[in-house]
Amino acid sequence: NSGGKLPGVSASGMGLRLSQKFVFLLFLSALVTLCFGALFFLPDSVRLKRIFLSKTETQPVTVGSGSENDVREHFKKPKEQDHPRGMTSAKGESSTRLKSLRRKPPLPPLATEERLSGGRAQEDLTLSRTRTESASEKASAADRGSDSDTFSYARFQRCLLKPPLGRDHGKPSDPRTDERREKVKEMMKFAWDNYKLYAWGKNELRPLTKNGHIGNIGASIIDSLDTLYIMGLMDEYNDAKEWVKTSLDLNSNGEASLFEVNIRYVGGLLAAYYLTGEEVFRSKVLELGEKLLPAFSTPTGIPRGVINLGSGTSWSWGWASAGSSILAEFGTLHLEFVHLTELSKNPIYTEKVMNIRKLLNKIEKPHGLYPNFLSPVSGNWVQHHVSIGGLGDSFYEYLIKSFLMSDKTDGDAKKMYYEAMEAIEANLVQKSPGGLTYMAEWRGGILDHKMGHLACFSGGMIGIGADDGAPEKRQHYLDLAAEITHTCHESYSPTKLGPEAFRFDDGGEATATRLNDRYYILRPEVIESYMYMWRLTHDPKYREWGWEAVQALEQHCRVEFGFSGIRDVYTTAVSHDNMQQSFFLSETLKYLYLLFSDDDLLPLEDWVFNTEAHPLPVIRKSCLQDEVTQEKAVSE
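Criteria and thresholds
Counting of residues starts from 1 at the beginning of each chain's written sequence and follows it residue by residue. A pLDDT threshold of at least 70 governs which residues receive local features in this predicted model, and a stricter bar of 80 or more applies before side-chain atom pairs are shown or counted, although totals over entire chains, interfaces and linings include all residues. Excluding hydrogens and water, the side-chain figures rest on all heavy atoms present in the structure. UniProt positions are given in the numbering used here, feature names are shortened, and annotations may be inferred rather than shown by experiment. Helix and strand assignments come from DSSP, with helices taken as H or I runs of at least 4 residues and strands as E runs of at least 2, each series counted from the N terminus. Each residue is assigned to one of three classes by its accessible area relative to the maximum for its type, calculated with a 1.4 Å probe on protein chains only: buried under 20%, partly exposed between the two thresholds, exposed over 50%. Residues enter a nonpolar core if they are buried and are Ala, Val, Leu, Ile, Met, Phe, Trp, Tyr or Cys, with the set joined through side-chain atoms within 4.5 Å. Contacts are assigned to residue pairs with any non-hydrogen atoms lying within 4.5 Å of each other. Residues are called lining when one of their atoms sits within 4 Å of a cavity or pocket point, these points coming from a 1 Å grid over the protein atoms alone, where a cavity is a set in which a 1.4 Å probe fits but cannot get out and a pocket is an open set with protein on both sides within 12 Å along at least five of seven lines. Grid points are joined across faces, edges and corners, and a volume is the space filled by probe spheres set on the points. The classification used treats Ala, Val, Leu, Ile, Met, Phe, Trp, Tyr, Cys and Pro as nonpolar, Asp, Glu, Lys and Arg as charged, and all other residues, Gly among them, as polar. Given the number of residues in a helix, its expected span is that number minus one, multiplied by 1.5 Å. Where helices are involved, their axes are fitted lines through C-alpha atoms of the stretch in contact, as for all axes, and angles between N-to-C directions lie from 0 to 180°. Any angle from 65 to 115 degrees is called roughly perpendicular, while one under 35 is roughly parallel, one over 145 is roughly antiparallel, and all others are oblique. Handedness of each helix crossing follows the sense of rotation of the near helix against the far helix: counterclockwise by less than a right angle gives left-handed, clockwise gives right-handed. Pairs of strands are assigned from DSSP output, requiring at least two bridges between the strands. The rule for a salt bridge is simple: a side-chain nitrogen of Lys or Arg has to be within 4 Å of a carboxyl oxygen of Asp or Glu. Defined by distance alone, a disulfide is two cysteine sulfur atoms within 2.5 Å.

K.L.:
Looking at this structure, I do not really get the UniProt feature "active site" (unreviewed entry) in the chain. What am I missing?
P.N.:
Within this structure's numbering, the places UniProt gives as "active site" (unreviewed entry) are Glu260, Asp393, Glu500 and Glu525. Looking at the secondary structure, you find Asp393 in helix H13 (residues 393–405). Classification of Asp393 as buried rests on a relative accessible area of 0%. Structurally, Glu525 is set in helix H17 (residues 525–537). Given the relative accessible area of 0%, Glu525 is considered buried.

So this is what it looks like as structure tokens:
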């Protein structure tokens, strides 16, 4: 019997008979079992359950003042930065700002002007078999199991419709186009070589002073991984990979923009993994994804904009109205977080972004529009300012791209996108006296006839969404996409580079009328729309416009030790801003390279580009499940 004692013998010193002791122990055992078991049936909000199941969520979250002095190294808040986007604005910051906020910060003080220089770098003409070697090394590391609970790189590859790098790495048959593509590759190598020489490990290169800008988290390295790889710059790619392996420190106490970390680092590491299969990228991105979760610990689940990766504390930007979160920031997480779930098989990432979508679906939208500021505490809009440029932009982009990335199964994203497009057309799309179509901004019912450079991505966005709208509107959307892209091209004058913002009032047509709107910081958005419109229409004007931009970048932005933004696009007496933004490497040069490549290099049937131009694969759930079924059948 259980006590190992004979019946009828008293329990020493307790004055209890064995039968009494047995009953007492039985009761005690049942009580302990009941309490411990109940622990795992308590709701998710109970703290004790989290101790066992979700360590990340117990990290402290605080709402700070968000004053600009709070941000130190690594990633400054947008207002502290020299430029709006580098890890900047809704798209950028420490060297990068938010794509949306990327526009606001003042330009840095004048730096001494440097002479333009050719300094062509030697091009790596071989794609070396490093790719294939690393692919097998990677696949073996990633394919640890054949069950559906484990991500399989080989299974993912089999569900692609086409090879990612095309039949001949996208090499165009037309010699002139190929020559232009090679020129873009040379620009990338020149920009990279100077970054490596003078700013290695820093977020960005300051080419005039030959030093690095802000922090040691290598934004330019992470942002460049996929660009180097698809261009076949394998020595450079391997250097970048080695830095990620040995030097990328994700435990820093530096304050970071959740948005910027997501689009640059999470997006960059995901793209590098899916293109190469290197396990180091997968392990790093999953480590980083876990560090972002505490930002969502708010009453509504809408994340705050700033997070300390070391401590897990988070707060709202100090400049954001009433401690609000920014539409373009919390609305530009979906693509990457769905892939974090895909790689980790942990549903928490998808749950976080689906919660955001549920809240947005639930609350009332003025005239069907989405304002730019939302309280993470109350879940209500804070201001009725609507923009397809800064502060709003990539939210809309991620709706249509979520639908496309889901293999067109995410009906909710599709519905939200086309309803938003109807409201945008009804309220924001305008035609200038000179016949240019543009998107104005909306401030509580009053139109501001201004369009930001950041809003110029919308030509491409509307283009890729044309086919899946109502059949009778497909041509309409394609025409609208072409008109907006044309308007943005018209803003690229007289230097053939475009201002940060341009207006359509006081007789102006796509012109920056304010001095502080005249700068160009190597932004990609106009070229992004050229690339998409080329793939959708094959109208040769888009390649010609892209070549105009290449020549302008060479003439006005190339300096002796890299590329720099300029302060005034309306004067050929160029004043440089001394900043080679990481998105220049990730987006501007990548989109130019793709523009001059055949369509089978990263084909749009298989790949969706995040808002930092990092390619993420379409998730074909049915194909992946079929692969699992076949693997099980073979093994049996």
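There's plenty left to go through after this.
K.L.:
For this particular structure, what's the right way to read the nonpolar core?
P.N.:
In terms of nonpolar packing, the biggest core is built from 159 residues, with Leu360, Tyr396 and Ile462 touching the most fellow members. The leading source of residues in this core is helix H8 (residues 258–276), at 12 residues. Residues within four places of Leu360 in sequence aside, it is in contact with Phe330, Lys365, Tyr370, Leu374, Trp381, Phe395 and Met416. The next biggest cluster of nonpolar side chains, apart from the first, holds seven residues, and it includes Val306, Trp315, Trp317 and Ile326.

K.L.:
I tried to follow empty space enclosed by the protein on my own but got confused; where do I start?
P.N.:
Summary: where empty space remains is shown by rolling a probe the size of a single water molecule over the atoms. Tallied over the full model, the rule gives six cavities of 30 Å³ or more. Counted as a void, the largest cavity has a volume near 130 Å³. In terms of lining residues, the largest cavity is bounded by 14 residues, among which Gly331, His334, Arg357, Phe395 and Leu399 are the most central. Every element with two or more residues in the lining of the largest cavity is listed here: helix H12 (348–362) and H13. Of the residues in the lining of the largest cavity, the class split is nine nonpolar, four polar and one charged.

K.L.:
Where do I start with H17 in this structure?
P.N.:
Residues separated by three or four positions in an α-helix point in the same direction, a consequence of the helix having 3.6 residues per turn. The end-to-end C-alpha distance of H17 is 18 Å, a good match for the 18 Å that 13 residues give at a rise of 1.5 Å each. Burial of H17 is extensive: 11 of the 13 residues sit out of reach of the surface. Buried residues along H17 sit in contact with H13, helix H15 (458–464), helix H16 (474–490), helix H18 (541–557), helix H19 (582–595) and strand E20 (607–609). In the segment just after H17, His538 is the residue with positive phi, at about 55°.

K.L.:
Please clarify how the environment of Glu490 should be interpreted in this entry.
P.N.:
Along the chain, the position of Glu490 falls in helix H16. With a relative accessible area of 36%, Glu490 lands in the partly exposed category. Note: C-alpha distance between Glu490 and Ala510 (20 residues apart in sequence) is 6.7 Å.

K.L.:
What am I meant to see in the packing of helix H6 (residues 219–230) against H19 here?
P.N.:
Helix packing for two helices is described by the angle between their axes and how far apart those axes are. Contact pair H6 / H19: the axes reach a minimum separation of 7 Å and the direction vectors enclose 15°. As far as their axial angle goes, H19 and H6 are roughly parallel. In the packing of H6 onto H19, the handedness of the crossing is left-handed. Seen from H6, the contacting residues are Ala219, Ser220, Asp223, Ser224, Asp226, Thr227 and Ile230; seen from H19, they are Ser582, Phe583, Leu585, Ser586, Lys590, Tyr593 and Leu594. Classifying every residue of the contact of H6 with H19 by side-chain character gives six nonpolar, five polar and three charged.

K.L.:
What is the right way to read the environment of Tyr542 from this model?
P.N.:
Position of Tyr542 among the secondary structure elements: in helix H18. Tyr542 gets classed as buried once you look at its relative accessible area, which sits at 2%. When the C-alpha positions of Tyr542 and Tyr532 are compared, they lie 9.2 Å apart, and in sequence the two are 10 residues distant. Beyond its immediate chain neighbours, meaning those up to four positions away, Tyr542 contacts Ala482, Thr485, Tyr530, Met533, Trp534, Thr537 and Leu595.

K.L.:
Got a minute to help me understand the sheet that holds strand E9 (residues 373–374) in this structure?
P.N.:
Ordered by their spatial adjacency, three strands build an open sheet running E8-E9-E10, and the pairing between neighbours is antiparallel. Pairing within the sheet leaves two strands with one partner each, and these edge strands are strand E8 (325–326) and strand E10 (381–383). Relative to E9, E8 runs antiparallel, the two being bridged by two bridges. Pairing of Ser325 across the sheet is with Leu374, part of E9.

K.L.:
Please clarify how the sheet that holds strand E15 (residues 446–448) should be interpreted in this entry.
P.N.:
Either a parallel or an antiparallel arrangement is found when strands of a sheet pair, and the pairing is made through backbone hydrogen bonds. One open sheet accounts for three strands, arranged E11-E14-E15; its pairing is antiparallel. Either end of the sheet is taken by a strand with one partner, and the two such strands are strand E11 (385–386) and E15. Looking at chain direction, strand E14 (residues 441–443) and E15 are connected through three bridges and run antiparallel. Residue Trp442 lies in a different strand from E15, and its bridge partner there is Leu447.

K.L.:
Sorry, what's going on with the pattern of salt bridges here?
P.N.:
If you walk through the whole model with that rule in mind, you get 40 salt bridges. Notably, a salt bridge pairs Arg264 with Asp223, separated by 3.7 Å at the nearest N-O pair. Pair noted here: Arg264 is in helix H8 and Asp223 is in helix H6, with a separation of 41 residues, a long-range link. The buried category is assigned to Arg264, whose relative accessible area is 1%. For Asp223, a relative accessible area of 0% translates into the label buried. The partner of Arg535 in a salt bridge is Asp599, with the nearest N and O atoms 3.9 Å apart. You can see Arg535 sitting in helix H17 and its partner Asp599 sitting in the loop between H19 and E20, a full 64 residues away along the chain.

K.L.:
What is the right way to look at the state of the cysteines in this model?
P.N.:
By definition, a disulfide links the sulfur atoms of two cysteines through a covalent bond. Evaluation of the coordinates by the stated rule reveals two disulfides. Disulfide pairing places Cys159 opposite Cys623 at an S-S distance of 2.0 Å. Negative torsions about the S-S bond denote left-handed disulfides, and the value of about -95° found for Cys159 with Cys623 makes this one left-handed. On the criterion of sequence distance, the pair formed by Cys159 in the loop between helix H4 (153–158) and helix H5 (175–199) and Cys623 in helix H20 (residues 621–635) is long-range, its members being 464 residues apart. Take Cys159: its relative accessible area is 6%, and that puts it in the buried class. Covalent S-S linkage joins Cys456 and Cys488, the inter-sulfur distance amounting to 2.0 Å. When the S-S torsion is -90°, as for the bridge of Cys456 with Cys488, the disulfide is left-handed. Residue Cys456 is located in the loop between strand E16 (450–452) and H15, and its partner Cys488 is located in helix H16; the two are separated by 32 residues in the primary sequence. Should the bonded cysteines of the chain be numbered as they appear in the sequence, the pairing reads 1-4, 2-3.

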